Amino acid sequence: MEHRLDEVRTEVLRRNPGEPEFHQAVTEVFASLAPVVAEHPHYLEAGVIERICEPERQIIFRVPWTDDAGRVRINRGFRVQFNSALGPYKGGLRFHPAVSLGTVKFLGFEQIFKNALTGMPLGGAKGGSDFDPKGRSDAEVMRFCQSFMTEAHRYIGEHTDVPAGDIGVGRREIGYLFGQYTRIVDRHESGAITGKGLSWGGSLVRNEATGYGLVYFVRRMLERHGRDLDGARVLVSGSGNVAIAAAERVASLGAIVVGMSDSTGALATPDGIDITRVRELKEERRTTLTGYDVPGARFVSGATAWELARELRVDVALPCATQNELDADAARLLVTAGTTVVAEGANMPCTPEAVRLLREAGVLFAPGKAANAGGVATSALEMQQNASRDSWSFEHTDSRLAEIMDDIHDRCLETSIAYGAAGDYALGANIAGFTRVADAMLALGVI
Ligand code: GLU
């Protein structure tokens, strides 16, 4: 069976050339599946594994728009609708110059299992564009979003496919996208997109949900090991939506955020970070961390967050920037700095080699598809509120999020125990996510 599994993997890689991130995500999931197919060979026999690796639909389209100087620009738009066995396609849109079909496929593939782990009725998808919102005016971003949606509206809908944000797509972009969608379809279909503003169908906590959820997952993981976050020294990479919310929540539980980073460098804050100041720089002024002028802090231009571990003690590392940002060298630095927990806020931020080193060093490792599922889970809560024309309080929504994260944690841990690898959260997440989708696919027949 293991041999057959390997043949399937080789075939998937062969049929999807030039997509290293997709290969990495597929290889990582397949590494956990041997014990599953040994016990349940029908997953292989019924072709479920091959089908899960083949998106149901892949859409690539031209996005023309005009910049402020009147010049016509062309970007490429993507939506990969990967799997709808559990519910409507669901997953964010990423606007970043490095986005390619391979990037979107890796993210969409991860999203299938992440969404399954939430226990909610969500299929898996992802989309985006190689458009770079950095340095663009509001008017340019609006024209781009309107052009993107002029094509994308054909494929989305509250029962079909429900996009949300990801890197480069925040409240502002969701507003322009939803505005254009509403205008084209000529009805207020609030469940067609999530991450909306509060006055136009959004949910409290959605904005903070990925970062808060990450912290709740870590809290549960530590609790199971008789520890807590009080006084823990936490290093966070990135300073986008996920990183800021994670830093804020972890600090509110008594931890000390000893550093954050952005694309220009890393900020060491050995006495703890002033997250209000970070929010102001990043969310209001849309500038870099160089402007962080709180006494006791030091900005290291060009450095990664992990390089701060040379000089700082770090108990918990939260990679919240982007894929493959934490490599083997970074993992070694963290282990030397005393790190005992690494939990992924971004999607696939740790390289396979880094994960191997962390595991060998006995570090507790929480994979993104489990630990960062709070964002999409709260999107599902937003969809519930939209469907019932209700809006829940912050406390209620936040406590639902915390419960969901505890459940995801427990499901991963119990699955790892059932498969003889207690505490291997990556294996537990892959198997628990996979079996939920695979069982639905089996029940639905060959579609
Ligand atoms: N982009 C987020 C993720 O990676 C959220 C997706 C959503 O809310 O649909 O899970």
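Before reading further, recall that the structure is shown in the block above.
What counts and what doesn't
Residues numbered from 1 in each chain as written. Predicted model: local features only at pLDDT ≥ 70, side-chain atom pairs only at ≥ 80, totals over all residues. Heavy atoms only, no water. Helix = DSSP H or I, 4+ residues; strand = E, 2+ residues; numbered from the N terminus. Rg over C-alpha atoms; globule rule 2.2 N^0.38 Å. Buried < 20%, exposed > 50% of the residue type's maximum accessible area, 1.4 Å probe, protein only. Contact = heavy atoms within 4.5 Å. Areas by Shrake-Rupley, 256 points an atom, 1.4 Å probe, with all protein chains shown as cover. Lys, Arg positive; Asp, Glu negative; His and termini not counted. Charge placed at Lys NZ, Arg CZ, Asp CG, Glu CD. Pairing = 2+ DSSP bridges. Axes fitted to C-alpha atoms, helices over the stretch in contact; angles between N-to-C directions. Core = buried A, V, L, I, M, F, W, Y, C linked by side-chain atoms within 4.5 Å. 1 Å grid on protein atoms, 1.4 Å probe; cavity = no way out; pocket = protein on both sides within 12 Å on 5 of 7 lines; lining within 4 Å. Points joined across faces, edges and corners; volume = space filled by probe spheres on them. Right-handed = clockwise from strand over helix to strand, strands pointing away.

Engineer: Just to check I follow, could you spell out the overall build of the protein chain for this structure?
Structural biologist: Looking only at helices and strands, one finds 16 helices and twelve strands in the protein chain. By the compact-globule yardstick of 22 Å for 447 residues, the protein chain fits well, its C-alpha radius of gyration being 21 Å. Principal-axis analysis of the C-alpha atoms gives the protein chain an extent of 60 × 55 × 45 Å. The buried share of the protein chain, reckoned over its 447 residues, is 59%. Across the protein chain, contacts joining residues at least 24 apart in sequence account for 72% of those joining residues at least 6 apart. Just so you have it, the protein chain exposes about 17500 Å², and 50% of that area is on carbon and sulfur atoms. When the 48 positive and 58 negative side-chain charges of the protein chain are each reduced to one mean point, those points stand 4 Å apart.

Engineer: In this structure, what is going on with the sheet that holds strand E10 (residues 316-319)? I would like to understand it.
Structural biologist: Paired through backbone hydrogen bonds, the strands of a sheet run either parallel or antiparallel to each other. Read from one edge of the open sheet, seven strands run E9-E8-E7-E6-E10-E11-E12, paired in mixed fashion. Where the open sheet ends on each side, the last strands, each with one partner, are strand E9 (298-301) and strand E12 (364-366). Across the sheet, the mean angle from the axis of one strand to that of its neighbour is 15°, orientation sign disregarded. The sheet contact formed by strand E11 (residues 341-343) and E12 spans three bridges and is parallel. Each bridged residue has a counterpart across the sheet, and for Ala 343 the counterpart in E12 is Ala 366. Of the strands in this sheet, strand E6 (233-237), strand E7 (256-262) and E10 are in contact with helix H9 (residues 241-252), which crosses E7 at around 175°.

Engineer: Even after reading the chapter, I still don't get the environment of Gly 238, so can you show me in this structure?
Structural biologist: Its place among the elements puts Gly 238 in the loop between E6 and H9. In this structure the C-alpha to C-alpha distance between Gly 238 and Phe 144, which are 94 residues apart in sequence, comes to 25 Å. Beyond its immediate chain neighbours, meaning those up to four positions away, Gly 238 contacts Ala 243, Met 260, Ser 261, Cys 320 and Ala 321.

Engineer: In this structure, what is going on with the sheet that holds strand E5 (residues 161-164)? I would like to understand it.
Structural biologist: Spatially, E1-E2-E4-E3-E5 is the arrangement adopted by the five strands of the open sheet, whose pairing is mixed. If you trace the sheet from one side to the other, it starts and ends with strand E1 (57-66) and E5, each paired once. Across the sheet, the mean angle from the axis of one strand to that of its neighbour is 20°, orientation sign disregarded. By the bridge criterion, ten bridges tie E1 to strand E2 (residues 72-83) in an arrangement that is antiparallel. Bridge pairing in E2 places Phe 61 opposite Gly 77. Along the sheet, helix H5 (residues 101-117) makes contact with E1, E2, strand E3 (89-95) and strand E4 (124-129), crossing E4 at roughly 150°. Helix-sheet contacts for helix H6 (residues 138-152) involve E1, E2, E3 and E4, and the interaxial angle to E1 is about 140°.

Engineer: Can you walk me through the environment of Val 185 in this structure?
Structural biologist: Examined against the element boundaries, Val 185 turns out to sit in helix H7 (residues 171-185). Here Val 185 falls in the buried class, since its relative accessible area comes to 19%.

Engineer: Is there a simple way to think about the nonpolar core in this case?
Structural biologist: One recurring pattern in soluble globular proteins is that nonpolar side chains are buried together. Core analysis: the largest hydrophobic core is formed by 61 residues, its most contacted members being Phe 217, Val 236, Met 260, Leu 318 and Ile 408. Top element by residues in this core is helix H8 (residues 209-224). It accounts for nine residues. Setting aside chain neighbours within four positions, we find Val 236 in contact with Ala 243, Ala 247, Val 257, Gly 259, Met 260, Ser 261, Ala 305, Leu 318 and Cys 320. Cys 53, Phe 78, Leu 427 and Val 437 belong to the second-largest nonpolar core, a separate cluster that totals 40 residues.

Engineer: What is the right way to read the layout of surface pockets from this model?
Structural biologist: To find leftover empty space, one rolls a probe the size of a water molecule over the atoms. By volume, the second largest pocket amounts to about 420 Å³. Taken together, 21 residues make up the lining of the second largest pocket; nearest its centre are Glu 28, Pro 352, Val 355, Arg 359 and Ala 426. Breaking the lining of the second largest pocket down by element, the ones donating at least two residues are helix H2 (20-39), helix H12 (352-360), helix H13 (368-371) and helix H16 (425-444). The biggest single contributor to the lining of the second largest pocket is H2, with five residues.

Engineer: Hey, could you run me through the pairing of E7 in this one?
Structural biologist: Regular strands place side chains that alternate from one sheet face to the opposite one. Burial analysis of E7 places six of its seven residues in the buried class, the great majority of the element. Pairing of E6 with E7, which is carried by three bridges, proceeds in the parallel orientation. When the bridges of E7 are listed, Val 234 appears paired with Val 257. Since E6 and E7 lie parallel, the crossover through H9 that links them has a hand, and here it is right-handed. As defined by bridge partners, E7 adjoins strand E8 (residues 265-268) across four bridges and the pair is classed as antiparallel. Within E8, the residue paired with Met 260 across the bridge is Leu 267. Hairpin connection of E7 to E8: two residues between the antiparallel strands.

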